[in-house]
Amino acid sequence: NAGVTQTPKFQVLKTGQSMTLQCAQDMNHNSMYWYRQDPGMGLRLIYYSASEGTTDKGEVPNGYNVSRLNKREFSLRLESAAPSQTSVYFCASSESRYTEAFFGQGTRLTVV
Amino acid sequence: AQSVAQPEDQVNVAEGNPLTVKCTYSVSGNPYLFWYVQYPNRGLQFLLKYITGDNLVKGSYGFEAEFNKSQTSFHLKKPSALVSDSALYFCAVRDINVGDGQNFVFGPGTRLSVLP
């Protein structure tokens, strides 16, 4: 049982480049989330999806887009990367809005 | 809006001693409370949760947490600390009166160092 799988684990981008972070869960969870973790800032919600076919903005959505491809997969896209997007990105999933979330291993992104 | 505070950035404890990592919360309704641990270069791992029932909740790796409604606290405890417990600990709360995503709020984290 893999849980939540994120790819890639590491990435270096040049300013202005685009990329997509992939996330898949095998727990049949309804809710999926994207967070970024920065030193001193804790975890901040970027986007979430409460169910297949729906997505909503979180606390820091600017510069990002998401796609809930199906129940398993929730991708995060950076259309034009900026140095301020250098961070560690975590995908998470939960059965519902009442339950604990399970996290992926993270993607460490550096934008130069 | 709901919020979570972890008043200590860093907690140091000697191996074998009891440890406590503090958490206080604020929600409009009944809270669902969680503790997570993060080891270096890893994702957050779920430790335990309080939904309802007994105020003392037992979780993974010998950790437990005590829910105190009057003090709006949910402190994480372990009777005897191990060096391998050294990590970053996050408290989180869900406010069931708020929609998904926005209702899941994390504290800033507390770094626990267990000294041999």
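Up top is the structure these notes are about.
Residues numbered from 1 in each chain as written. Chains lettered and ligands numbered in written order. Predicted model: local features only at pLDDT ≥ 70, side-chain atom pairs only at ≥ 80, totals over all residues. Heavy atoms only, no water.

### What to know about the interface of chain B and chain A
The figure often quoted for interface size is the accessible area lost as the parts come together. The line we're drawing: In what follows, a contact means two residues having at least one pair of non-hydrogen atoms within 4.5 Å. In this description, buried area is defined as the sum, over both parts, of the accessible area (probe of 1.4 Å) that is lost when the two are combined. The term salt bridge refers to a side-chain nitrogen of Lys or Arg lying within 4 Å of a carboxyl oxygen of Asp or Glu. Runs of H or I in DSSP of at least four residues are treated as helices and runs of E of at least two as strands, each being numbered from the N terminus. When residue character is reported, Ala, Val, Leu, Ile, Met, Phe, Trp, Tyr, Cys and Pro are called nonpolar, Asp, Glu, Lys and Arg charged, and the others, Gly included, polar.
Taken together, the 24 residues of chain B in the interface contact 23 residues of chain A. Of the roughly 1900 Å² buried between chain B and chain A on both sides combined, carbon and sulfur atoms contribute 50%. Scanning the region where chain B abuts chain A turns up one salt bridge. As a salt-bridge pair, E100 of chain A and K49 of chain B come within 2.9 Å of each other at their nearest N and O atoms. Secondary-structure elements contributing two or more residues to the side of chain B that touches chain A are strand 5 (31-38), strand 6 (44-50), strand 10 (87-95) and strand 11 (104-106) of chain B. No other element matches the four residues that strand 5 of chain B contributes to the side of chain B that touches chain A. Across the side of chain B that touches chain A, the residue classes tally to 12 nonpolar, eight polar and four charged.

### Digging into the pattern of salt bridges
Using the following cut-off: Only protein chains enter the area calculation, which uses a 1.4 Å probe; residues under 20% of their type maximum are buried, those over 50% are exposed, and those in between are partly exposed.
Here the structure, examined in full by the defined rule, presents seven salt bridges over all chains. Note that R36 of chain A is salt-bridged to D38 of chain A, the shortest N-O span being 2.8 Å. We classify R36 of chain A as buried; its relative accessible area is 7%. Overall, D38 of chain A belongs to the buried group, its relative accessible area being 12%. Here K78 of chain B and D85 of chain B are joined by a salt bridge, their closest N and O atoms 2.8 Å apart.

### Some remarks on the state of the cysteines
Short version of the rule: Cysteine sulfur atoms that come within 2.5 Å of each other are treated as a disulfide pair.
Tallied over the full model, the rule gives two disulfides over all chains. Put simply, C23 of chain A and C91 of chain A are joined by a disulfide, and their sulfur atoms are 1.9 Å apart. Since a negative S-S torsion denotes a left-handed disulfide, the C23 of chain A-C91 of chain A link at about -70° is left-handed. Here C23 of chain A, found in strand 3 (residues 19-25), pairs with C91 of chain A, found in strand 9 (residues 87-94); they are 68 residues apart in sequence, far enough to count as distant. Since its relative accessible area comes to 0%, C91 of chain A is described here as buried. Two residues share a disulfide in this structure: C23 of chain B and C91 of chain B, whose sulfurs sit 2.0 Å from each other.

### A short note on unusual backbone geometry
The residue after T7 of chain A, namely P8 of chain A, is reached through a cis peptide bond having omega -5°. Within the secondary structure, P8 of chain A sits in the loop between strand 1 (4-7) and strand 2 (10-13). Phi at N41 of chain B takes a positive value of approximately 60°, unusual for a residue other than glycine. In this fold, N41 of chain B is placed in the loop between strand 5 and strand 6. By relative accessible area, which is 63% here, N41 of chain B ends up exposed.

### Quick word on the environment of D85 of chain B
Residues and elements named next belong to chain B. Among the structural elements, D85 can be located in the loop between strand 9 (73-78) and strand 10. Taking the relative accessible area as the measure of exposure, D85 reaches 3% and is therefore buried. A sequence separation of 29 residues divides D85 from V114, and the C-alpha atoms of the two residues are 6.7 Å apart. The residues touching D85, leaving out its near neighbours within four places in the chain, are L19, F63, K78, S80, L112 and V114.

### What about the side chain of E100 of chain A?
Heads up, the rule is: In protein, a polar contact means a hydrogen-donor-capable atom and an acceptor-capable atom, both N or O and within 3.5 Å, with residues adjacent in sequence counting only if both atoms are side-chain atoms; elsewhere, any N or O pair within 3.5 Å suffices.
Examined against the element boundaries, E100 of chain A turns out to sit in the loop between strand 9 and strand 10 (101-103). A distance of 2.9 Å separates polar atoms of two side chains, one belonging to E100 of chain A and the other to K49 of chain B. Leaving out residues up to four positions away in the same chain, E100 of chain A has contacts with S93 and S94 of chain A together with F34, Y36, F46 and K49 of chain B.

### Overview of the sheet that holds strand 8 (residues 74-78) of chain A
All names here are of chain A. To keep things clear, this is the line we draw: Think of it this way: DSSP has to see at least two bridges between two strands before they count as a pair. Convention adopted: a line fitted to C-alpha atoms gives each axis, helices being fitted over their contacting stretch, and angles between N-to-C directions are expressed from 0 to 180 degrees.
Strand order in the open sheet formed by four strands is 1-3-8-7, and the pairing between neighbours is antiparallel. Looking at the sheet topology across the chains shown, the edges are occupied by strand 1 and strand 7 (64-68). The mean angle between the axes of side-by-side strands here comes to 15°, regardless of whether they run parallel or antiparallel. In terms of strand pairing, strand 3 meets strand 8 through three bridges, oriented antiparallel. In the sheet register, M19 faces strand 8, and the bridge partner there is L78.

Fair warning: the whole summary comes from geometry, so function is off the table for now.
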